[in-house]
Amino acid sequence: MLKSKTFVTKTRSGGVMKIVREHYLRDDIWCGSEACTECKQESTVLQKDAIIESNLCVFPHYLLPDTNVVLHQIDVLDNPLIRNVIILQIVLQEVRHRSPPVYKRLKDITHDKDKHVYTFTNEHHRETFIEREPGESANDRNDRAIRVAATWYNQHLKTTELKEDGLKVVLLTNDRANKEKAVEGGLLAYTCEEYVKSLIANPELMDHLALTSKEHNKVGTDKVVFPEHLPLSRIQAGIKSGTFLQGTFRASRDNYLEATVLIQGEGEDSNEVLLKGLPQLNRAVNNDVVAVQLLPRDQWVAPSLVLLQDDGSAKDDDTTEEEEGEKPLKNVGPELARKPTGKVVGIIKRNRRPFCGMLNVSSIKEATRHLFTPADRHVPRIYIETRQAAVLVSQRIMVAIDGWNKYSRYPNGHFVRSLGKAGDKETETEVLLLEHDIPHQAFSQTVLSFLPKMPWTITPEDMAVREDLRQLMVCSVDPPGCTDIDDALHCRELDNGNLEVGVHIADVGHFIRPGNALDIEAGNRGTTVYLCGRRIDMLPELLSSNLCSLRSNVERLSFSCIWEMNHKAEILKTRFTKSVISSKASLTYAEAQMRIDDASMNDGITKSLRGLDKLAKSLKKQRIENGALTLSSVEVRFHMDSETHDPIDLQTKELIETNSMVEEFMVLANISVAQKIYEEFSECSLLRKHAAPPPSNYDILNKAAKSKGLQIHTDSAKALADSLNVATVDGFPYFNTLLRILATRCMMQAVYFCSGMDSDFNHYGLASPIYTHFTSPIRRYSDIIVHRLLAVAIAADGTYPDLVDKHKLSALCNNLNYRHKMAQYAQRASVAFNTQLFFKSRGILKEEGYVLFVRKNAITVLVPKFGLEGTVFFDGKDRSGPKLSFDEEVPALTVDQHIFHMFDKVKVTISVDSGNIQHQKIRMELVEPMIPGVSREIQLASQ
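Structural notes, computed from the coordinates. (Residues numbered from 1 in each chain as written. Predicted model: local features only at pLDDT ≥ 70, side-chain atom pairs only at ≥ 80, totals over all residues. Heavy atoms only, no water.)

Considering the overall build of the chain
Here is the rule: Strands here are runs of E lasting at least two residues and helices are runs of H or I lasting at least four, both read from the DSSP assignment and numbered beginning at the N terminus. Buried, partly exposed and exposed residues are distinguished by accessible area as a fraction of the type maximum, computed with a 1.4 Å probe on protein chains only: under 20%, between the cut-offs, and over 50%, respectively. Throughout, a contact is declared for two residues whenever any of their heavy atoms are within 4.5 Å. Method for areas: the Shrake-Rupley scheme with a 1.4 Å probe, in which residue coverage is limited to the protein chains shown.
The helix and strand tally for the chain stands at 25 helices and 38 strands. Counting across all 943 residues of the chain, residues that qualify as buried make up 51%. Intrachain contacts of the chain at a sequence separation of at least 6 include 67% that bridge at least 24 residues. Taken as a whole, the chain presents about 45300 Å² of accessible surface, with 49% of it coming from carbon and sulfur.

Following this line, the structure appears as structure tokens:
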């Protein structure tokens, strides 16, 4: 049966286009129930014996939720107890349009065989499709379509086998009008809350219920805590007129009464708006897209230099900002330090995921309303209703925000699930991965189905289209224990006296073809994530640690970048080729260095390494002369117990010459490939850039150098590099390292971008006009795309539409930048957690450190021995405590009579503060210099 609809629409050019849409209706669509005797279905999903113990529904029944129930109560539907659910096609389509994250969860639920969830294509069934009536809204038409489908199901399932009180369909809707019309039509209809409350044996399911909008308004006091949000229509008009600005809300980790809004496309000096005070933050949550209104210029303020953290105790909704330790908004700070300041007037798009954290049980006996504290300090605490507080109090749990009314200091939410006992290593790792949105589920069978069949070998067909380089003295140099070996190198002397140098990269693109499930999964993951003692692979292990890994003494497919150089490391020729190699050795950095230094070793691999090392030193010298930066950051390495996997030793990583050797050739290969793909694909090359920091970023670096009588020039990367090279202080050998660590903090983040969507390609840190990532395709998806572009450029492979679509490539770059950033944060969080484990069993340690930053009420101390940063707080509010004064220009903090400057040497005690199990942290206390009332207690404890 065919229905058609004809309508006209305007084109972009102003013309009129006639569109005819055909809609096919069928009468052979299955109902999906194994109780049905009428449908000629090959398989069924819905069970005949569909019984859940319920006070309302004492008979077998299927649940049919409407769109709003699916959108807002997905955690209820996801519970294992809820089975035999009918999801209508119209509901699925609307959820997909309104909330992609909920849609993904709904699809996962429908694929879970134990859930018995059936998707019914009501819009193409002859008896359930309905036309929209004149004057009927799209929403009302959809509600009616849902009721029609529920009615059809009830009539369809009334077979001769089933009694009158047999199998029925129950409509779940929170829409009062929809429910009333359903009941009038003879349907069984309940709100989600009514149905969940009726479940006899599972009262804990009540915790999963999200509050409705009406219920939000009942929570709080009579006092208005926040201004009203403006309606969306007014916000859109304000943004169009320039009255309001649209941007992404970024909560401060160090001061919960402060945030910034990142405004895209507003220029370098005005791309952030500062928010200060709860009313100005106005119920925005980290990463929400918000509308902000700029305050008059005389109300602009400087960011606070006070570290102000919510202490974990529940504040009353009547609590004022003065009582919370921060004065109301006023004109403070030097004129130059003031930032454009504003207030949130509305939320445009909520970007709220479930948050991990812990429950703070109410002190009121028998209370069901408790406060949840997220692990992420960017997120406010959340009120939830639960009857399981006694059980959940010591567990890590997940909670979702339902809404936030203007009468309550905190948003309202609901319990999602428990993750396990707090402090347990597996639980904390799960929290870490969830909080940083790291895809870490096992690879699906669909993804794994695209892996090559084993045993795998290189075929004659492969050899026919590749260069045979198996005879070369190729070797890899990597960290100890590395199994995902991306790159290998060789160097040999040519007959003409020049040198041939090759960088050989795993040909991952041979195994991952564009658009299949394996490719899509790798693109979504974006990068391999390295945690302490665990690796979350971007690719299945068969590829990452086996077929793509350039292990020694096995033949592997590679993509080679080969240069002819003179002995000064000047490039004479460059070529790229798909190849086959056989690595002769898999070495660690230390093993390679030992071969280079041992004069008695003169085998082929050692000669190759010596040639590479000599050329690398020339390449590095050239790069530094061109203005490349050599910065510093403190990295640590844990030595793990082989059985418990707990850290037993903690050391800072030491870099040796072979680290630099490998880095130089990887950088050179990336530059050479970037030049080649841009020549061929000027509009759709995937490149990587590193923007020059705005001058204001260098303020803290300049102040630090000035305090030691030095001057840092920041006009260009070369000026900065030259300044850092000569910045030394007699008797203070660690000063230059500290200065380079500080310079690293001033840098911008390097990002991927599409060449056709940007004009600034420069990589500031490497002093290169063009750059990309080619050398790590096992662990970075960006490199796979670059391999595909290069393969097309040298006619080694064909192209495909998405590869040359600059808009799709730009969207891919955005995801890769996000995944890369989250991976970095997850790795740092893993180091922090393992650092806590390391120090937990060691009591109080006394170590030397250096003041890295000076704040109004604290100093940040770096302990080089452990690569550890911590904050020493001074409380100046108490009359009996030390007197504090802060000079922002120097900067300097005076505590009683002692003045702290950046880079001052101090002695601190290090211990683990377990007082707050939610946020266990490294505690640092001052030992030297000794300040009365600050250090004495700690000194006694450490003696």
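What about the pattern of salt bridges?
Put simply, the test is: Whenever Lys or Arg places a side-chain nitrogen within 4 Å of a carboxyl oxygen from Asp or Glu, that contact is recorded as a salt bridge.
Scanning the entire structure with this criterion turns up 43 salt bridges. Notably, a salt bridge pairs K689 with D758, separated by 2.5 Å at the nearest N-O pair. Taken together, the residues K689 in strand β29 (residues 686–689) and D758 in the loop between β30 (751–754) and α23 (781–793) connect sequence positions 69 residues apart. Since its relative accessible area comes to 16%, K689 is described here as buried.

Details of the state of the cysteines
To keep it simple, the criterion reads: Disulfide assignment relies on a single distance test, namely cysteine sulfur atoms paired within 2.5 Å.
Evaluated as defined, the whole model comprises 0 disulfides. Lacking any disulfide linkage, C31 is separated from the closest cysteine sulfur, that of C36, by 3.7 Å.

Some remarks on empty space enclosed by the protein
Short version of the rule: Cavity: a set of points on a 1 Å grid over the protein atoms alone where a 1.4 Å probe fits but cannot get out. Pocket: an open set with protein on both sides within 12 Å along at least five of seven lines, its lining residues, like those of a cavity, having an atom within 4 Å of a point. Grid points are joined across faces, edges and corners, and a volume is the space filled by probe spheres set on the points. Residues are grouped as follows: nonpolar covers Ala, Val, Leu, Ile, Met, Phe, Trp, Tyr, Cys and Pro; charged covers Asp, Glu, Lys and Arg; every other residue, Gly included, is treated as polar.
Scanning the entire structure with this criterion turns up 6 cavities of 30 Å³ or more. Of the voids in this model, the largest cavity is the one considered here, and its volume is about 80 Å³. As for the largest cavity, its lining consists of D66, T67, N68, E94, R98, N139, N142, D143, I146 and D175. Secondary-structure elements contributing two or more residues to the lining of the largest cavity are α1 (67–72), α3 (89–98) and α5 (138–156). Taken together, the residues of the lining of the largest cavity sort by class into 1 nonpolar, 4 polar and 5 charged.

A short note on unusual backbone geometry
Going from M454 to P455, the amide bond is cis rather than trans, its omega being -5°. In this fold, P455 is placed in the loop between α13 (445–448) and α14 (460–464). Look at the link from V890 to P891: it is a cis peptide, with omega at -15°. Residue placement: P891 occurs in the loop between β34 (884–887) and β35 (892–895). Here the phi dihedral of R283 falls at roughly 70°; this positive angle occurs in a residue that is not glycine.

Considerations on helix α12 (residues 425–435)
Heads up, the rule is: Any pair of N or O atoms that falls within 3.5 Å is considered a polar contact. Within protein, one atom must be able to donate a hydrogen and the other to accept it, and sequence-neighbouring residues count only if both atoms are side-chain atoms.
Among the residues of α12, T427, E428, T429, V431, L432, L433 and E435 are the ones counted as buried. Where α12 is buried, its residues meet β13 (355–360), β16 (395–403), β17 (412–421), β22 (529–531), β23 (534–536) and α24 (806–840). Among the residues of α12, the N-terminal cap falls to D424, whose side-chain oxygen and the backbone nitrogen of E426 are separated by 3.2 Å. Backbone geometry just after α12 places D437 at a positive phi near 55°.

Some words on the packing of aromatic side chains
The line we're drawing: Aromatic pairing here means that ring centres of Phe, Tyr or Trp (its six-membered ring) are within 6.5 Å. Orientation follows from the plane angle: under 30 degrees is stacked, over 60 is edge-to-face, and everything else is tilted.
Applying the stated criterion across every chain yields a total of 17 aromatic pairs. Judged by centre distance (5.5 Å) and plane angle (80°), the ring pair of F226 and W404 falls under edge-to-face. Of this pair, F226 sits in the loop between α8 (213–218) and α9 (232–241) while W404 sits in the loop between β16 and β17, and the two are 178 residues apart along the sequence. On the basis of relative accessibility, which here comes to 13%, the residue W404 falls in the buried class. Ring geometry for F732 against Y850: centres 5.5 Å apart, planes inclined by 20°, an arrangement best described as stacked. With F732 in the loop between α21 (717–726) and α22 (735–746) and Y850 in strand β31 (residues 845–854), this residue pair connects regions lying 118 residues apart in the sequence.

Quick notes on the sheet that holds β34
Defined as follows: Any two strands between which DSSP finds at least two bridges are classified as paired. All axes here are fitted lines through C-alpha atoms, helices being fitted over the stretch that makes contact, and every angle between N-to-C directions spans 0 to 180 degrees.
Taken together, the 3 strands give an open sheet; going across it, the order is β34-β35-β36, and neighbouring strands pair in antiparallel fashion. With one partner strand each, in any of the chains shown, β34 and β36 (898–901) form the two edges of the open sheet. Ignoring which end each strand starts from, the neighbouring axes of this sheet average 20° apart. Two elements, β35 and β36, share 4 bridges in a ladder whose sense is antiparallel. Paired with A892 across the bridge in β36 is H901.

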